[in-house]
Amino acid sequence: MKENKKEELHILEGEKDLLLDHDYDGIQELNYPLPSWWMKCWAASIVFSVAYVMFYHFAGGPTSSEELARNMVKINELKAIAAADVSNFDIAHYNEWLEKNDSKKMGDEVYETNCFSCHAAGGGGDIGPNLTDGYWIHLKNRSPEELFPFIRDGFEEKGMPAWGEVLSKEEIYAAIAHIMELKGTTPPKAKEAQGEKVEEI
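Residues numbered from 1 in each chain as written. Predicted model: local features only at pLDDT ≥ 70, side-chain atom pairs only at ≥ 80, totals over all residues. Heavy atoms only, no water.

(A) How the structure looks around the overall build of the protein. Scanning the protein from terminus to terminus reveals 6 helices and 2 strands. From first element to last, N terminus to C terminus, the protein shows the α and β order α-α-α-α-β-α-α-β. When each of the 201 residues of the protein is scored for burial, the buried share is 25%. (Helix = DSSP H or I, 4+ residues; strand = E, 2+ residues; numbered from the N terminus. Buried < 20%, exposed > 50% of the residue type's maximum accessible area, 1.4 Å probe, protein only.)

Right, here's the structure in full:
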C-alpha cells in the first residue's frame with residue numbers, strides 16, 4: 001500500500017510577493033488584485049448611488065407612485081388615439097391597404113391567433129358559426145362595411161368579443177380580408193348553417 005505524500009505548493013517566480021502569510025488546513029492563498037474593469041464598475045456604482053439618493057430623496061425626484069401616474073396618463077392617451085383610429089371605417093382606405101399589404105399572410109396570422117378557437121380550421125365553425133356559407137346571424141351581407149363594426153364591437157351576448165379593444169385597425173382589416181376569402185370554401189367538418197341566407201355561394 002502506497003503512503004500518501006503531502007503535496008507541496010508550487011509558487012511561480014512572479015507569485016512570491018502575492019502569497020499571503022496565513023495557512024488554513026494546508027491551504028494558502030495568492031493575493032491577486034481584482035480586475036481593473038471590476039473596480040471601475042464598483043466605483044461607478046458608488047457614484048451613481050450617491051447621485052440617485054440625492055435626486056430622489058433630497059432634490060424632489062418623483063416617487064414610484066408619481067412615475068406610475070405619469071406613465072398611466074401617457075398610456076391612456078395612446079389608448080385614446082388607438083380607439084379613435086379604430087372608430088371609423090373608410091372603404092377607400094381599406095382597399096388601399098389591401099393593395100399595399102400582404103393581406104393573405106396577415107389574415108392567416110390574425111385568424112390563427114384570435115379566431116381559430118371559435119371558428120375552427122378553415123372557418124368551418126365550432127363555438128362560433130360557420131364563416132364559409134351564405135348564412136349570417138347578425139349581418140345582412142358579407143361586406144367590409146358590415147364586417148368592420150361587427151368585429152370591432154363584437155356581440156357579447158353571443159360570445160363574440162369586442163376585438164377593437166385588442167386588435168389594431170390593420171389587424172381588423174386583415175381579419176376582414178380573410179373572411180372575404182372564406183366564402184364558398186369547403187372546410188372539413190363544417191358546422192350547419194345558422195341564421196338567415198343573405199348571399200349566394
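From this point, the discussion proceeds with the structure in view.
(B) The packing of helix α3 (residues 91–100) against helix α6 (residues 169–182), seen in detail. Contact geometry of α3 with α6 gives a least axis separation of 11 Å together with a crossing angle of 80°. Relative to α6, the element α3 lies roughly perpendicular. For the pair formed by α3 and α6, the contact residues are H93, Y94, W97 and L98 on the first element and E170, Y173, A174, I176, A177 and M180 on the second. Residues of the contact of α3 with α6, tallied by class, amount to 8 nonpolar, 1 polar and 1 charged. (Axes fitted to C-alpha atoms, helices over the stretch in contact; angles between N-to-C directions. Parallel < 35°, antiparallel > 145°, perpendicular 65-115°, else oblique. Contact = heavy atoms within 4.5 Å. Nonpolar A, V, L, I, M, F, W, Y, C, P; charged D, E, K, R; others polar.)

(C) Inspection of the side chain of H119 at higher detail. Mapped onto the fold, H119 is located in helix α4 (residues 103–119). Within polar-contact distance, the side chain of H119 engages the backbone oxygen of P129 at 2.9 Å. Among all residues touching H119, those that are not within four sequence positions of it are Y111, G124, G125, D126, G128, P129 and L131. (Polar contact = N/O pair within 3.5 Å; in protein donor to acceptor, adjacent residues only side chain to side chain.)

(D) Structural view of α4. Look at α4: only 19 Å from first C-alpha to last across 17 residues, short of the 24 Å you get at 1.5 Å a residue. The complete set of buried residues in α4 reads S103, G107, V110, Y111, N114, C115 and H119. Positioned one or two residues after α4, A120 has a phi angle of 65°, which is positive. (Expected span 1.5 Å × (residues − 1).)

(E) Here's a closer look at the environment of L20. In this structure, L20 sits in the segment before α1 (36–58). On the basis of relative accessible area, L20 is assigned to the partly exposed category, the value being 27%. Among residues more than four places away in sequence, those in contact with L20 are Q28, E29 and N31.

(F) Quick look at the nonpolar core. Counting residues in hydrophobic clusters, the biggest one holds 23 residues, and the most contacted among them are L131, W136, L147, I151, I172, I176 and I179. For this core, the secondary-structure elements that each account for two or more residues are α3, α4, α5 (144–153) and α6. Residue contributions to this core peak at 8 residues, all from α6. (Core = buried A, V, L, I, M, F, W, Y, C linked by side-chain atoms within 4.5 Å.)

(G) View of a nonpolar patch on the surface. A contiguous nonpolar surface patch, about 1300 Å² in accessible area, is contributed by L34, W37, W38, M39, W42, I46, F48, V50, Y52, V53, M54 and F58. Inspection of the secondary structure assignment puts W42 in helix α1. (Patch = residues over 30% accessible without salt bridge, like charges linked within 9 Å, V, L, I, M, F, W, Y side chains within 5 Å. Areas by Shrake-Rupley, 256 points an atom, 1.4 Å probe, with all protein chains shown as cover. Salt bridge = Lys/Arg side-chain N within 4 Å of Asp/Glu carboxyl O.)

(H) Looking closely at the packing of aromatic side chains. Enumeration over the complete set of coordinates arrives at 9 aromatic pairs. Taking the centre distance of 6.0 Å and the plane angle of 85° together, the rings of F89 and Y173 count as edge-to-face. Residue F89 is located in the loop between α2 (64–87) and α3, and its partner Y173 is located in helix α6; the two are separated by 84 residues in the primary sequence. The buried category is assigned to Y173, whose relative accessible area is 0%. Pairing F148 with Y173 gives two aromatic rings, centres 6.1 Å apart and planes at 55°, and the pair type is tilted. Here Y173 lies in helix α6 and F148 lies in helix α5, a separation of 25 residues in the sequence. (Phe/Tyr/Trp six-rings, centres within 6.5 Å; stacked < 30°, edge-to-face > 60°.)

Interpretation note: all reported values are geometric properties and have no functional meaning in isolation.
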